Amino acid sequence: MPASVTPTRTDFIPVVLGGDIGSYALIREFHEAYHIKSIALGPGFIGAITHSKLAELRFIEAYTPELLLKALEEVHAQHPSKTIVLVANTDPLIETLEELHAELPEYVSCTIPPRAAFDAVCDKGTFAELCRKHGLEAPRTEVVHVAGTEPIAPSAIPFPVVAKPAVSAGYYDTLLKGFKKVYFATEQAELDELWQGLRASGFTGDFLVQELIGGDDTYMDSLTLYIGRDGRPRLLGAAQVLLEDHAPAMLGNPVAMVIREKPELWERASALLADAGYRGFANFDVKRDPATGREVFLDCNPRMGRNSYYNVAGGVNPMEVLVRDALDDTGDEVRIAKNPALYTLVPCSLLRRYVRDKALLAEVDDLIRQKRVFDPQRYVHDRGLRRMIDVELTEKNQFRKFARYYPEATDTSF
């Protein structure tokens, strides 16, 4: 921690699972809110974390329940008077925490949804039913059972279609084998090839085939909510996506966004979560159909989201909301992340190439002129030379990556 910054809280210590940019955002959010360092726990970390002044690195071989519990015991032995605030920001890690949640010792605070609520909203098949119950649009969907050897029936949904795993948490190992996060198919033969490949890889879960909602990346929105212990929302955030990652394993992850307010969708999404008994963070992906204007809820992630820092750009720190609810039991009124801001993980010069709407581009340029640009990797209290070199190289590499995977914007995002 920089010598000039004094901690404002000494009663807890954050333990952040994961080693990607989404984890670094949480480390920064804890530091911005309380001027404290976090413990980053995992088998490996990106350079932005490895060379950070804000994190103490603790290495474990894998995120197994046994190793995690042992690591938490070691942290507690070194900080016996402090509560451990345990957070994670990927679907597989939330799944792991769900498995061991009942075994966590009393000195660990870990706010995640109850198992039944997790299963209800994170299975994209049951999620569509919840949406319809609460007046939210969901895409037309077919569930494909990949397990077994029986022939898989052709899709009844008109092509082109999108195919993706029904439960993201169980798909991580398959991603590591070279499969994509989301598939775009224009004919049945492409789906048949995908089913054959998945079966050969050993994948036995369910896949979804969904109608394609048109529009480029700028037709995608993100909603972030935090539901308190009493079932009421404490954080409401939303942003319009400007550009998504298009690398196969990262497809659909936003890399640039502008703050928006979505009162009607927040109200209905909050009701959906409360009805399911949900607690903690949730992040929704919503696509606006350019042909009809309808707002279609694609899925819900049981976490604050890789891009949680856009809420800070909008004026609300998610980790402060978490601590005040989970540790302080304050019963705060809902806070809305609504300050105008541009959030980006890519250089603005690259981003501008993909914003085709003139009014939206003018808004982006105006936010740049006002210096309302927020990049979680660039933090005045964490500007060590090695770290900033890594950040610069990572961001410059975005030009090469987009040239390879998404050289120009398309009307479908694929």
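Small disclaimer: the values here were computed from a predicted structure and weren't measured. (Residues numbered from 1 in each chain as written. Predicted model: local features only at pLDDT ≥ 70, side-chain atom pairs only at ≥ 80, totals over all residues. Heavy atoms only, no water.)

J.: Quick question: what am I supposed to make of the sheet that holds strand β4 (residues 83-87) here?
T.: Strand pairing in a sheet relies on backbone hydrogen bonds. The paired strands run either parallel or antiparallel. As summarised here, the arrangement of the five strands in space is β3-β2-β1-β4-β5, forming an open sheet in which the pairing is parallel. Two strands close off the open sheet at either side, each with one partner strand: β3 (55-59) and β5 (108-109). For strand β1 (residues 12-17) and β4, the ladder comprises five bridges, and the chain directions are parallel. Opposite Ile-13, over in β4, you have Ile-84 as the bridge partner. (Pairing = 2+ DSSP bridges. Helix = DSSP H or I, 4+ residues; strand = E, 2+ residues; numbered from the N terminus.)

J.: Teacher, can you tell me more about the pattern of salt bridges here?
T.: Side-chain pairs of opposite charge can arise whenever the charged atoms involved come near each other. Following the criterion strictly, the structure yields 34 salt bridges and no others. Residue Arg-356 pairs with Asp-216 through a salt bridge whose shortest N-O separation is 3.1 Å. Taken together, the residues Arg-356 in the loop between α12 (348-352) and α13 (358-369) and Asp-216 in the loop between β9 (206-211) and β10 (220-227) connect sequence positions 140 residues apart. Taking the relative accessible area as the measure of exposure, Arg-356 reaches 42% and is therefore partly exposed. Accessibility expressed as a relative area gives 5% for Asp-216, which makes it buried. A salt bridge links Arg-378 to Glu-392; its shortest N-O distance comes to 3.1 Å. Separated by 14 residues along the polypeptide, Arg-378 in the loop between β17 (373-374) and α14 (385-405) and Glu-392 in helix α14 bring together distant segments of the chain. Residue Arg-378 is classed as partly exposed on the basis of its relative accessible area, which comes to 29%. (Salt bridge = Lys/Arg side-chain N within 4 Å of Asp/Glu carboxyl O. Buried < 20%, exposed > 50% of the residue type's maximum accessible area, 1.4 Å probe, protein only.)

J.: Where do I start with the sheet that holds strand β6 (residues 141-145) in this structure?
T.: Within the open sheet, the four strands sit side by side as β6-β9-β7-β8. Their pairing is antiparallel. Each end of this open sheet is capped by a strand with a single partner; those strands are β6 and β8 (183-185). Shown here is a sheet whose adjacent strand axes are inclined to one another by a mean of 25°, direction ignored. Taken together, the five bridges between strand β7 (residues 161-165) and β9 define a ladder with antiparallel strand orientation. Bridging across to β9, Pro-165 finds its partner in Phe-207. (Axes fitted to C-alpha atoms, helices over the stretch in contact; angles between N-to-C directions.)

J.: So what exactly am I meant to see when it comes to the packing of helix α5 (residues 115-122) against helix α6 (residues 124-133) here?
T.: When two helices pack together, their arrangement is given by the angle between their axes and by how far apart the axes lie. At a minimum axis distance of 5 Å, the contact between α5 and α6 shows a crossing angle of 85°. One finds that α5 runs roughly perpendicular with respect to α6. Where α5 abuts α6, its residues Asp-119, Ala-120, Val-121 and Cys-122 lie against Lys-124, Thr-126, Phe-127 and Leu-130. Residue composition of the contact of α5 with α6, grouped by class: five nonpolar, one polar and two charged. (Parallel < 35°, antiparallel > 145°, perpendicular 65-115°, else oblique. Contact = heavy atoms within 4.5 Å. Nonpolar A, V, L, I, M, F, W, Y, C, P; charged D, E, K, R; others polar.)

J.: Would you take a moment to explain the packing of aromatic side chains for this structure?
T.: How two aromatic rings sit relative to each other is set out by the distance from centre to centre and by the angle between their planes. Per the stated rule, a full pass over the model turns up 13 aromatic pairs. Relative to Phe-30, the ring of Phe-12 has its centre 6.2 Å away and its plane inclined at 55°; by these criteria the two rings are tilted. A residue pair is termed long-range when its members are at least 10 positions apart, and Phe-12 in strand β1 and Phe-30 in helix α1 (residues 21-34) qualify at 18 residues. Per residue, the accessibility class of Phe-12 equals that of Phe-30, and both read buried. Plain terms: the ring middles of Phe-12 and Tyr-34 are 5.5 Å apart, the flat faces sit at 90° to each other, and that makes the pair edge-to-face. Taken together, the residues Phe-12 in strand β1 and Tyr-34 in helix α1 connect sequence positions 22 residues apart. Taken individually, Phe-12 and Tyr-34 each receive the classification buried, so the pair is uniform in this respect. Feature note: the residues Tyr-171, Trp-195, Phe-203 and Phe-207 constitute an aromatic cluster, connected by ring pairs. In this arrangement the basic side chain of Arg-9 is found over the ring face of Tyr-34, its NZ or CZ atom lying 5.5 Å from the centre. (Phe/Tyr/Trp six-rings, centres within 6.5 Å; stacked < 30°, edge-to-face > 60°. Lys NZ or Arg CZ within 6 Å of the ring centre and 35° of its normal.)

J.: Whenever I open this one, the nonpolar core confuses me. Can you help?
T.: As a rule of thumb, nonpolar side chains are buried together in soluble globular proteins. By size, the foremost hydrophobic cluster in this structure holds 62 residues, and its most contacted members are Leu-242, Leu-243 and Leu-351. For this core, the leading source of residues is α1, giving seven residues. Here Leu-243 is in contact with Asp-217, Pro-254, Val-255, Ala-256, Val-346, Leu-351, Tyr-354, Phe-402 and Tyr-406, once residues within four sequence places are set aside. Membership of the second largest hydrophobic core comes to 49 residues, among which are Leu-17, Leu-72, Ile-84 and Phe-297. (Core = buried A, V, L, I, M, F, W, Y, C linked by side-chain atoms within 4.5 Å.)

J.: Quick question: what am I supposed to make of unusual backbone geometry here?
T.: Working note: non-glycine residues mostly have negative phi, and peptide bonds are mostly trans. Residue Pro-160 is reached from Phe-159 by a cis peptide bond, and omega for that bond is 5°. Counting through the fold element by element, Pro-160 comes out in the loop between β6 and β7. A positive phi angle is found at Lys-371, which is not glycine, with a value near 60°. In this structure, Ser-413 is a non-glycine residue whose phi angle is positive, near 80°. Secondary-structure assignment places Ser-413 in the segment after α14.

J.: Before we go on, may I ask you to explain the pairing of β7 in this structure?
T.: Regular strands have side chains that alternate between both faces of the sheet. Buried residues dominate β7, accounting for five of its five residues. Because side chains alternate across β7, one face comprises the buried residues Val-161, Ala-163 and Pro-165, and the other comprises Val-162 and Lys-164, equally buried. Where β7 lies against β8, three bridges are found, and the strand directions are antiparallel. By the bridge assignment for β8, Val-162 is matched with Phe-184.

None of this, on its own, says anything about what the molecule does.
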